[in-house]
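# Residue-level structural notes
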Amino acid sequence: GLRLPAETPRSSDSSNSGGAGGTLRAAHVALYFRSALALEVSNWEVLAALGEFYRLIGCPEPPFSSPAPDMGTAQSYFEQAQAMAPSSAFVLNRLAACQQPA
């Protein structure tokens, strides 16, 4: 599963390597590696799950008080999942949701 570094003191400067910014970067790197592995083994379910994560949560900034959906990234993952499972009702539904205006 996704493993984040041990909690470090929060920092208002997300450009440094520690604190909340570092944890967020580590999470996105872990998700990227997860997607690369899913592509290697043609696992559309993992790609769809990553798409759902970015559709609902996205890339929030500290202090993480609300989600920041990233529809472009979500749509990309759903399109990759659709290429592997073109008849998946879940993927088709989520692709349609990504294409609706905000």
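Before any of the text, the structure's been laid out above.
Here's a quick rundown of the structure. (Residues numbered from 1 in each chain as written. Predicted model: local features only at pLDDT ≥ 70, side-chain atom pairs only at ≥ 80, totals over all residues. Heavy atoms only, no water.)

## Focus on the pattern of salt bridges
Enumeration according to the criterion identifies 2 salt bridges in this entry. Across the pair Arg55 and Glu52 runs a salt bridge whose closest N-O atoms are separated by 2.9 Å. Here Arg55 and its partner Glu52 are both found in helix H2 (residues 44-56), 3 residues apart, which amounts to about one turn of the helix. Judged by relative accessible area, Arg55 falls into the buried class, the value being 18%. Residue classification places Glu52 among the buried positions, given a relative accessible area of 15%. When the shortest N-O distance is used, the salt bridge between Glu52 and Arg94 registers 3.0 Å. Highlighted residues: Glu52 in helix H2 and Arg94 in helix H4 (residues 89-99), separated in sequence by 42 residues. Where salt bridges share partners, they join Glu52, Arg55 and Arg94 into one cluster. (Salt bridge = Lys/Arg side-chain N within 4 Å of Asp/Glu carboxyl O. Helix = DSSP H or I, 4+ residues; strand = E, 2+ residues; numbered from the N terminus. Buried < 20%, exposed > 50% of the residue type's maximum accessible area, 1.4 Å probe, protein only.)

## Here we look at the packing of helix H1 (residues 19-40) against helix H3 (residues 71-84)
Where H1 meets H3, the closest approach of the two axes is 12 Å, and the angle between their N-to-C directions is 15°. Of the possible angle classes, the one that applies to H1 and H3 is roughly parallel. As H1 runs across H3, the sense of the crossing is left-handed. Residue-level contacts link Leu31, Ser35, Ala38 and Leu39 of H1 to Tyr77, Gln80 and Met84 of H3. (Axes fitted to C-alpha atoms, helices over the stretch in contact; angles between N-to-C directions. Parallel < 35°, antiparallel > 145°, perpendicular 65-115°, else oblique. Left-handed = near helix turned anticlockwise from the far one by under 90°. Contact = heavy atoms within 4.5 Å.)

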